[in-house]
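Structural overview
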Amino acid sequence: MNVNVKNSAKRGGRVCSSSVFYLWVLLLLLALVGLQLLFSWSLPLLPLPKLKLSLIHNDSSFCSSSSSLPSGDSGSGLIGEFGDMMVSMLPVDLPFTLFVPSPPAFDKFLKLNPVQSLTPQNLNNTYAIISRVLGFSAVPQHLSAGALPVRTEVSVDAVSGLKLVIWRDLDGMVVVNGIRSECINIRKGDVIVHIISGVLMDAEFEQSFLPDYEDR
C-alpha cells in the first residue's frame, strides 16, 4: 500500500514538472513573438529607391545623366538658339514632335554655333540649313516617350518624307534612327521636343557636310 502511494507520488511529481516545463516553453515563445511584433511596428518603413525606369511611364521632361536638368526646369533652356529657331518655324496650332539636335551636335555635324552662325552675314545661310534640318526632324503628331513601346520599333515619316524608326530604351530615353536622345518630352507650346545627340538628315544633305565635299 505504501509502495503504491509512493509510486503515485513520483508519477504526479513528474507530471507536474513536465507541465511547468511546457508552460515555461510556451511563455518563452509568446515573449519572442511579442518582441518581434513590437520591433516590426516600431521600425520606420524605408522608402524604395526611385529608378529611372519609373519615368518611362509618364510624359514628364527628363534628361539622361549626361545632360543636366535643373530642378523645376521644363528643359526648354537646353534646346538652344537653333532649337528655338526650329520650333518657331512650326505652326503654333498643330501637334508636332521635333527631334532637335543638341547644341554640340549642331556644331559637330553642321558646323553651326551661335557666335558665328547668327551674325548678319551668316544668318541667311544658317536659316536655310535649319529649315532643311527641320524637314528631317519634324513629325506631324505627338510622340511622347511614354507613348512609345520599349525596344519595339515604330516607323513614321518626317515632314520631308524621311523615314524615322523610333523606339524607347529601357532607361526611358528615345532612340530615333539609331541616335539616342539626351532629353525627352520638353514642351514648347503644342510641340513635344526630344533633344538628340546627332542630326537627322538624308544621304544627300549629309554629303554636303562631309569634310572633303568642297574638294570634289
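Quick caveat: nothing in here was measured; it's all calculated off a predicted structure.

Let us look at unusual backbone geometry. Despite not being glycine, Arg-151 has its phi angle at roughly 55°, a positive value. Position of Arg-151 relative to the elements: it lies in the loop between β3 (138-139) and β4 (154-157). The class of Arg-151 is exposed, set by a relative accessible area of 51%. Positive phi is not limited to glycine here, since Asn-177 has a value of about 50°. With respect to the helices and strands, the residue Asn-177 is situated in the loop between β6 (174-176) and β7 (179-188).

Right, let's get into the nonpolar core. Within the largest apolar cluster, 45 residues are counted, with the highest numbers of intra-cluster contacts made by Leu-98, Phe-99, Leu-110, Leu-164, Ile-166 and Val-193. Among the elements that take part in this core, helix α5 (residues 123-137) stands out by supplying five residues, more than any other.

Confidence in the prediction for the protein chain averages 80 pLDDT; 66% of positions are at 70 or higher. Contacts for the low-pLDDT stretch residues 41-57, under 50 throughout, to residues beyond four places or in other chains number 12 contacts.

Now for the pairing of strand β2 (residues 96-101). Burial within β2 is extensive, with six of its six residues counted as buried. The alternating pattern of β2 places Phe-96, Leu-98 and Val-100 on one face and Thr-97, Phe-99 and Pro-101 on the opposite face, and all of these are buried. With two bridges connecting them, β2 and β3 associate as antiparallel partners. Each residue of the ladder has a partner; that of Thr-97, found in β3, is Val-139.

An α-helical turn contains 3.6 residues, so any two residues separated by three or four positions project in the same direction. Every buried residue belonging to helix α2 (residues 80-88) is among Gly-80, Phe-82, Gly-83, Met-85, Met-86 and Val-87, and all of these are buried. Summarising the contacts, the buried residues of α2 are in contact with β2, α3 (103-110), α4 (114-117), α5, β7 and β8 (191-196).

Turning next to α3. Every buried residue of α3 is listed here: Ala-105, Phe-106 and Leu-110. An end-on view of α3 places all buried positions within 105° of arc, on one side of the element. For α3, the exposed residues set more than 90 degrees away from the buried face come down to Pro-104 and Lys-108. As for α3, its buried residues are in contact with α2, β2, α5, β8 and α6 (203-207). One or two positions beyond α3, positive phi appears at Lys-111, with a value near 55°.

With that out of the way, let us pick up the state of the cysteines. Throughout the structure, instances matching the rule amount to one disulfide. For Cys-63, the disulfide goes to Cys-183, at an S-S distance of 2.0 Å. Disulfide Cys-63 to Cys-183: torsion about the S-S bond roughly 105°, handedness right-handed. Separated by 120 residues along the polypeptide, Cys-63 in strand β1 (residues 62-63) and Cys-183 in strand β7 bring together distant segments of the chain. Cys-63 sits in the buried class, given a relative accessible area of 8%. Residue Cys-183 is classed as buried on the basis of its relative accessible area of 2%.

Taken residue by residue, a regular strand's side chains alternate between the two faces of the sheet. Judged by which residues are buried, strand β5 (residues 163-168) turns out to be one-sided: Leu-164, Ile-166 and Arg-168 face inward and are buried, whereas Lys-163, Val-165 and Trp-167, on the alternate face, are not. By the bridge criterion, four bridges tie β4 to β5 in an arrangement that is antiparallel. Across the sheet, Val-156 pairs through a bridge with Leu-164, a residue of β5. Where β4 folds back on β5, the antiparallel hairpin that results is connected by five residues, among which Gly-161 adopts a positive phi of roughly 95°. Both β5 and β6 contribute to a ladder of three bridges, which runs antiparallel. Bridge pairing in β6 links Trp-167 to Val-175. Counting the residues between successive antiparallel strands, the hairpin from β5 to β6 contains five residues, one of them, Gly-172, with a positive phi of roughly 95°.

Reading the values: the criteria
- Residues numbered from 1 in each chain as written.
- Predicted model: local features only at pLDDT ≥ 70, side-chain atom pairs only at ≥ 80, totals over all residues.
- Heavy atoms only, no water.
- Helix = DSSP H or I, 4+ residues; strand = E, 2+ residues; numbered from the N terminus.
- Buried < 20%, exposed > 50% of the residue type's maximum accessible area, 1.4 Å probe, protein only.
- Core = buried A, V, L, I, M, F, W, Y, C linked by side-chain atoms within 4.5 Å.
- pLDDT = per-residue confidence, 0-100.
- Contact = heavy atoms within 4.5 Å.
- Pairing = 2+ DSSP bridges.
- Arc of directions from axis to C-beta.
- Disulfide = S-S within 2.5 Å.

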